[in-house]
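Listed here are the chains, written in short residue letters.
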Amino acid sequence: MTINFYLRHLLVLALLCLPFASVGQQLTQTIRGRIIDKESQEPLIGATIAIVTTNPPVGASTDAMGNFRLDKVPVGRHTLRVSYVGYEEQVLPELLLGSGKELILTIGLGESFKTLKEVVINAEEQSKGNPLNEMAMISSRSIAVEETKRYAASLNDPARAAQNYAGVGISQDISNEIVVRGNSPRGVLWRIEGVEVPNPSHFAEEGAAGGAVSILSVNMLDNSDFNTGAFPAEYGNALSGIFDIRLRNGNNEKREYAFQAGLLGVDFAVEGPFKKGSKASYLANYRYSTLAMLNKLGVAVTGESVPVFQDFSFKVHVPTPKAGVFSFWGLGGISRQDMNAARDTSEWEGHWDRFDQRFTGSMGAAGISHMLFMDKDAYLETSLTMSGNNNQITADSLSTDFNNFPFYHQNFSYNAVRFSTLYNRKVNNRHTFRTGFILSGLGYNAFAEGQNDDFEQERFIEEQGNTYLTQAYAQWKYRLTEKFTFNTGLHTMYLGLNGNTSLEPRLGLKWQVNAARSFSAGFGLHSRHEAMSTYFTRQNLKGDAYTLPNKGLGFTRAAHYVLGYDQMLREDLRLKVETYYQHLFNVPIGVGPNSTFSSINYEDGFTTDSLTNKGTGRNYGLELTLEKFFTNNYYFLLTSSLYESKYTAADGVERSTRFNGQYIVNFLAGKEFKVGRNKQNLISTNIKLMAAGGNRYTPVDLQSSIESGHEQLQKDQPYSIQADDYFRSDIRVSYRKNNPKASYIISLDIQNITNRLNVYGTYYDNTKKDIITIYQNGMIPVLNYRIEF
């Protein structure tokens, strides 16, 4: 059966489930939450919250715990204004309030340099898109949960939402992996609840920073931060980008549920208090692959090769009167896909048609976090986590009588136990100090073997053991004057496997010229260790002897320099410009004098080459963002990047990296229409247009490939071919219906609506004795039905 068959039947099911009865009465819901000092995390008693979009305006004040509550607020979009004496006022524009779920907010206010009367700050400028981490002063922004839902083809995935931001590109359509400022995706760090975790994606290959489907469910996410350069000192083991993901707390007053079904899975989420009157809450979500479920029911949507995945995540939040706040959280997922050859040799047209292949992967992380308030201006945050991931690939070739012959097998398993602690003290409205350390115990079990260029079985990797990584940092934020702020710090890292150490100074500066205009600058040294599989690559000698030439590799290093300009053209329109230069050094490259290999260029997998830390690279560019915030029922976002990404390997020649697309332009826009008898329902339309430089790849030497019987690349011309420019158009249409006890949302995302086939690269097919072009995805429709109650 076809995708069209599936979509027709899912649409009918969704329409049958969607209640279309008109609701005459005015529907209402509750907005509640907590107001805190942004830097000390202490509650602000007596802060004022006003809804400015109701007639008459509705307001409330916070209690002794900083909590507020606004009942019987009409459903729809509302703007909140939050103020407190001695603090900078903040406005939260166009918050969406549905009938099915309460809107629960935690709002941090920054203390004024002098007094509220003397410091006038445009509130929207202070809140919209600015990072949650106050130490981040440049190349950082928050990712709102609503953006991951709203943007066309973001598919509720924070990584796909980040692909719309300036300086961020994609490596391939099928993956949520990102290229930040021309760097390899491997330079991206994932953090959840303040702790490093393995790549949280299904179908993620060895060393990759993304995958086809995110394990992170939108039902679990809170607003989070995304950083693209010159990171604050608390961030380490990252070269290009950082996802700092936060999980939200469950509702601690009433039980709420969410169910959704779509192409990417069937989800069910539940949250609520442990008992009536308790401040403790729980939140949990489970998802199973829709296509796998349909396949088990006999509806074969994708033929025999069915992607199977499932994931589970949870968070338990337990505040106590005196012992602080405890959080227990976890997430994990497993994925599998079998791609078996047809048992009819007449269907074997290409070389890989005669192979049985299987991919299996898993990832999990769980932890306990504790926040203890030492006094009203200081807190201690401590976490203990365990995480692990596994990746297996098996490929067997078939004879004409369908006997299997091993071709390649890999099994990579990693685990980590991490203990981290962070101490934060707000001395006054000018000085904030933060320091901490992270201890990581790292376990590995890596195995890979397969056919080499001589068609003989060879063991590439076989190592298991343990090592450790230690990190420590300190940073200081200082408001020198009312308009000038700087942030300085130091991060250090030590890898026990080979004794390598890094010392990384960081500096951030911001000059707030006036309420609407600011300049900023950032500098930092950053390091990242290699994937464990790189350290344990074997060089086989005679007999069973071998060496591990890469075990002593040092950290890849990068110096980031960034300048920024931020201008509020009006209350809901922001212009942002950043220019950057990155110098990469200590980069692992091939040891041969004519080698063109550099680790800068690979995004997943591992290398069997002997490497040395003598390579360099440089990335530089200019980025522009013009963002019209969601007001008056519409928004738009224009981002553009002009950049170069270069590397130098052992032969001394500077070349374009695999990721040097040279330009990226994104345009997103959306419009919301209020419909229904009381205008309480919403129709939303969204569009995304993307243009970027084409993928780079190394040309195939056809004659040498034919003579040798396997692919031979022209290694003296790495990434010298650039495919035609990449173009893609995505749309999203959704309808939200609010009923007295539930909200129903049906949506349709169509990625690549024009069905343009962008070129990914080429490979040599030994059966056809020819070079084959690989194309990226055509049109992909994703229908989704959701109910919140």
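Attention in this report is confined to the structure presented alongside it. (Residues numbered from 1 in each chain as written. Predicted model: local features only at pLDDT ≥ 70, side-chain atom pairs only at ≥ 80, totals over all residues. Heavy atoms only, no water.)

## A few points about the environment of V308
In this structure, V308 sits in strand β20 (residues 308-319). For the pair V308 and H202, spaced 106 residues apart in sequence, the C-alpha to C-alpha distance is 9.5 Å. (Helix = DSSP H or I, 4+ residues; strand = E, 2+ residues; numbered from the N terminus.)

## Some points on the sheet that holds strand β11 (residues 188-192)
Spatially, 5 strands are ordered β8-β15-β16-β11-β12 in an open sheet, and the strand pairing comes out mixed. Each end of this open sheet is capped by a strand with a single partner; those strands are β8 (140-143) and β12 (195-196). In the sheet, strand β15 (residues 224-227) pairs with strand β16 (residues 241-245) via 3 bridges, with the strands oriented antiparallel. Following the sheet pairing, F226 is matched in β16 by F243. (Pairing = 2+ DSSP bridges.)

## A few points about the side chain of R181
Tracing the sequence through the fold places R181 in the loop between β10 (178-180) and β11. Residue class for R181 comes out buried when judged on its relative accessible area of 1%. At 2.7 Å, the side chain of R181 and the side chain of E578 are in polar contact. The residues touching R181, leaving out its near neighbours within four places in the chain, are S139, G167, T228, G229, V562, E578, Y580, Q582, N619 and E623. (Buried < 20%, exposed > 50% of the residue type's maximum accessible area, 1.4 Å probe, protein only. Polar contact = N/O pair within 3.5 Å; in protein donor to acceptor, adjacent residues only side chain to side chain. Contact = heavy atoms within 4.5 Å.)

## Describing the pattern of salt bridges
Taken as a whole and judged by the stated rule, the model has 49 salt bridges. E271 is the salt-bridge partner of R248, the closest N and O atoms lying 2.7 Å from each other. Pair noted here: R248 is in the loop between β16 and β17 (256-262) and E271 is in strand β18 (residues 265-273), with a separation of 23 residues, a long-range link. Just as R248 is buried, E271 falls in that class too. E644 is the partner of K646 in a salt bridge, and the nearest nitrogen-oxygen pair spans 3.8 Å. The exposure class assigned to E644 is buried, which follows from its relative accessible area of 18%. The network of salt bridges with shared partners includes R32, R69, D71, E102 and E253. (Salt bridge = Lys/Arg side-chain N within 4 Å of Asp/Glu carboxyl O.)

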